[in-house]
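Report on the structure
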Amino acid sequence: MPLPSIHHTFRLVADPDMRALPSGTPVVNMRLAANSSKKDDNGQWVDDARFFIRASAFDRTAEAVAEAGLGKGEEVTVRGQIRTSEWETPEGEKRSGPE
């Protein structure tokens, strides 16, 4: 079964972080957020649910993100596969989340 995919517009929570892997392959890491809106009882639009996710891009896509000069608060459209990443906190707690 293939991994779930996503195609959505998000806002950057922070400036993209551009690095190179030990092999020299460029990679950019991004923290993204999306939210929905709904009308309240007075008919005014208010923020509703929020969703946060991390994303990574490699090779030419990473270079294109860096060249675009994107920064915190800007909108980006992301298309790719969702994976679960696992890590350990400095306190030794195991965590996991979508990426």
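Note: the structure precedes this text.
Chains are numbered independently. Their residues run from 1 in the order of the written sequence. In keeping with the model being predicted, local features are shown solely for residues with a pLDDT of at least 70 and side-chain atom pairs are shown and tallied solely at 80 or more, while totals for entire chains, interfaces and linings include all residues. As a convention, hydrogens and water are excluded, and side-chain values are obtained from all of the structure's heavy atoms.

**So, the side chain of S85**
Topologically, S85 is positioned in strand β6 (residues 84-88). When checking whether two residues touch, look at their non-hydrogen atoms; a contact exists if any pair is within 4.5 Å. Here S85 is in contact with R54, R95, S96, G97 and E99, once residues within four sequence places are set aside. Strands are runs of DSSP state E lasting at least 2 residues, helices are runs of H or I lasting at least 4, and numbering of each runs from the N terminus.

**A word on the nonpolar core**
Core analysis: the largest hydrophobic core is formed by 14 residues, its most contacted members being F10, L12, V28, M30, L32, V76 and V78. Counting residues per element, the ones that place at least two in this core are β1 (5-12), β3 (26-39), β4 (45-58), α1 (59-68) and β5 (75-81). The element contributing the most residues to this core is β3, with four residues. Non-local contacts of M30, meaning those with residues more than four positions away in its chain, are made with L12, P16, I53, R54, A55 and V65. For our purposes a nonpolar core is just a set of buried Ala, Val, Leu, Ile, Met, Phe, Trp, Tyr and Cys residues, chained together by side-chain atoms within 4.5 Å. Think of it in three bands: with a 1.4 Å probe and only protein chains considered, a residue is buried below 20% of the maximum accessible area for its type, exposed above 50%, and partly exposed in between.

**Quick word on the pairing of β3**
In summary, the side chains of a regular strand alternate between the two faces of the sheet. Two strands make a pair as long as DSSP finds a minimum of two bridges between them. Pairing between β1 and β3: two bridges, direction antiparallel. Within the sheet, the bridge partner assigned to R11 lies in β3 and is A33. Examined bridge by bridge, strand β2 (residues 17-20) and β3 share four bridges and lie antiparallel to one another. Bridge pairing in β3 places D17 opposite N29. Where β3 meets β4, 12 bridges bridge the pair, whose relative direction is antiparallel. Considered in β4, the bridge of A33 is made with F52. Taking the residues between adjacent antiparallel strands as the criterion, β3 and β4 are bridged by five residues, where G43 takes a positive phi near 85 degrees.

**Focus on the environment of T61**
Inspection of the secondary structure puts T61 in helix α1. Separated by 34 residues in sequence, T61 and V27 have C-alpha atoms that sit 8.4 Å apart.

**Some words on the environment of V78**
Note on placement: V78 falls in strand β5. What makes V78 buried here is its relative accessible area of 18%. Placed 71 residues apart in sequence, V78 and H7 show a C-alpha to C-alpha distance of 5.5 Å. Excluding its chain neighbours within four sequence positions, the residues that come into contact with V78 are I6, H7, H8, F10 and L32.

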